[in-house]
Amino acid sequence: MYNILVVDDEPKIRELIRKYAIFEGHEIVEAENGMQAIELCRRHNFDIIILDVMMPELDGFSTCHEIRKICDTPVLMLSARGEEYDRIHGFELGVDDYVVKPFSPKELMLRVDAIMKRTRKAETESDAFIYERLSINFAAHTVEIDGQRIDLSPRESDLLFYMVRNKNIALSRDKLMQEVWGYDFYGDDRTLDTHVKLLRKKLKEYSRLIVTVRGVGYRFETQ
């Protein structure tokens, strides 16, 4: 059972999510705008936040930015728009997943389950990886270069950690989506490619370790 915060200015959307989530045994707290959501995050701990992008006064991106100052609760973003810019902006803010309206409530809850399973699995990891001046602590969920911490979003961390644990193995796009995102992604590679692009940028000189395998996917190569 998860304690879920649903933030959307449309009552019908909140009602749809609430009914389906309660049916699956989860607890729901609702907020109709970003300011309410921020205040709720100050006073309560949630397992995951479902956050709409297009809201009056304070949009979802700004709300996520403020929430990240308070907690690292996983965020699943909802939007009526599906442009690459929106997805990139959300991922840079640390959004875990991105669902375009209209959506299936069943698929939405499957994505919530995938995020929570991945988050809880990461909390139990206790090993580490060191390569030259690159250090990855799986337990602490941190990445450092020359002792300086690299700020990665939760999804970027999960993608990097999975590739590192399977280093020197060519990983198909489908495999990465299934293992990191936790569900079949219906053939859309743009989200994966966007995360790899952002990850390479943040890894700087160690971006060379993420090798594109033409026609297959990617490989984290240390040989």
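So, how was this worked out
Residues numbered from 1 in each chain as written. Predicted model: local features only at pLDDT ≥ 70, side-chain atom pairs only at ≥ 80, totals over all residues. Heavy atoms only, no water. UniProt positions renumbered as here; feature names shortened; annotations may be inferred. Salt bridge = Lys/Arg side-chain N within 4 Å of Asp/Glu carboxyl O. Pairing = 2+ DSSP bridges. Helix = DSSP H or I, 4+ residues; strand = E, 2+ residues; numbered from the N terminus. Contact = heavy atoms within 4.5 Å. Axes fitted to C-alpha atoms, helices over the stretch in contact; angles between N-to-C directions. Buried < 20%, exposed > 50% of the residue type's maximum accessible area, 1.4 Å probe, protein only. Right-handed = clockwise from strand over helix to strand, strands pointing away. Parallel < 35°, antiparallel > 145°, perpendicular 65-115°, else oblique. Left-handed = near helix turned anticlockwise from the far one by under 90°. Nonpolar A, V, L, I, M, F, W, Y, C, P; charged D, E, K, R; others polar.

For the protein, the name recorded in an unreviewed UniProt entry is Stage 0 sporulation protein A homolog, with Mahella australiensis as its organism. UniProt's Function (unreviewed entry) comment on the protein is quoted here verbatim: "May play the central regulatory role in sporulation. It may be an element of the effector pathway responsible for the activation of sporulation genes in response to nutritional stress. Spo0A may act in concert with spo0H (a sigma factor) to control the expression of some genes that are critical to the sporulation process."

Visitor: If you had to explain the pattern of salt bridges to someone new, which residues and values would you point to?
Guide: In this structure the tally under the stated criterion is 19 salt bridges. For lysine 69, the salt bridge is made with glutamate 66, and the minimal N-O distance between the two is 3.2 Å. When salt bridges that share partners are traced, they join Asp8, Glu10, Asp52 and Lys101 into one network.

Visitor: So what about the sheet that holds strand S12 (residues 217-220)? Which residues, and what values?
Guide: With respect to topology, three strands assemble into an open sheet ordered S10-S12-S11, the strand pairing being antiparallel. Here the strands that pair on one side only, and so sit at the sheet edges, are strand S10 (171-172) and strand S11 (210-213). With four bridges connecting them, S11 and S12 associate as antiparallel partners. Bridged to valine 211 within S12 is arginine 219. Lying on the sheet, helix H6 (residues 154-165) is in contact with S10, S11 and S12; it crosses S12 at an angle near 70°. Across the sheet, helix H8 (residues 190-203) is in contact with S11 and S12; its angle to S11 comes to roughly 145°.

Visitor: I'd like a description of the pairing of strand S1 (residues 3-7), backed by residues and values.
Guide: Along any regular strand, the residues point their side chains to alternate faces of the sheet. Most of S1 is tucked away, with four of its five residues classed as buried. With five bridges connecting them, S1 and strand S2 (residues 27-31) associate as parallel partners. Its bridge partner being in S2, isoleucine 4 is matched across the sheet by isoleucine 28. Tracing the backbone out of S1, into helix H1 (residues 11-23) and back to the parallel element S2 gives a crossover that is right-handed. As paired elements, S1 and strand S3 (residues 48-52) share four bridges and run parallel to each other.

Visitor: Report on the packing of helix H2 (residues 34-43) against helix H3 (residues 60-67), specifying residues and quantitative values.
Guide: Axes are the key here: two packed helices are described by the angle between their axes and the distance separating the axes. Two elements in contact, H2 and H3, have axes separated by 9 Å at closest approach and are oriented at 15°. When the interaxial angle is binned, H2 and H3 end up roughly parallel. Considering only the axes of H2 and H3, their crossing is right-handed. Between H2 and H3, the residues in contact are Gly34, Ala37, Ile38 and Cys41 and Thr63, Glu66 and Ile67, respectively. Residue classes in the contact of H2 with H3 are distributed as four nonpolar, two polar and one charged.

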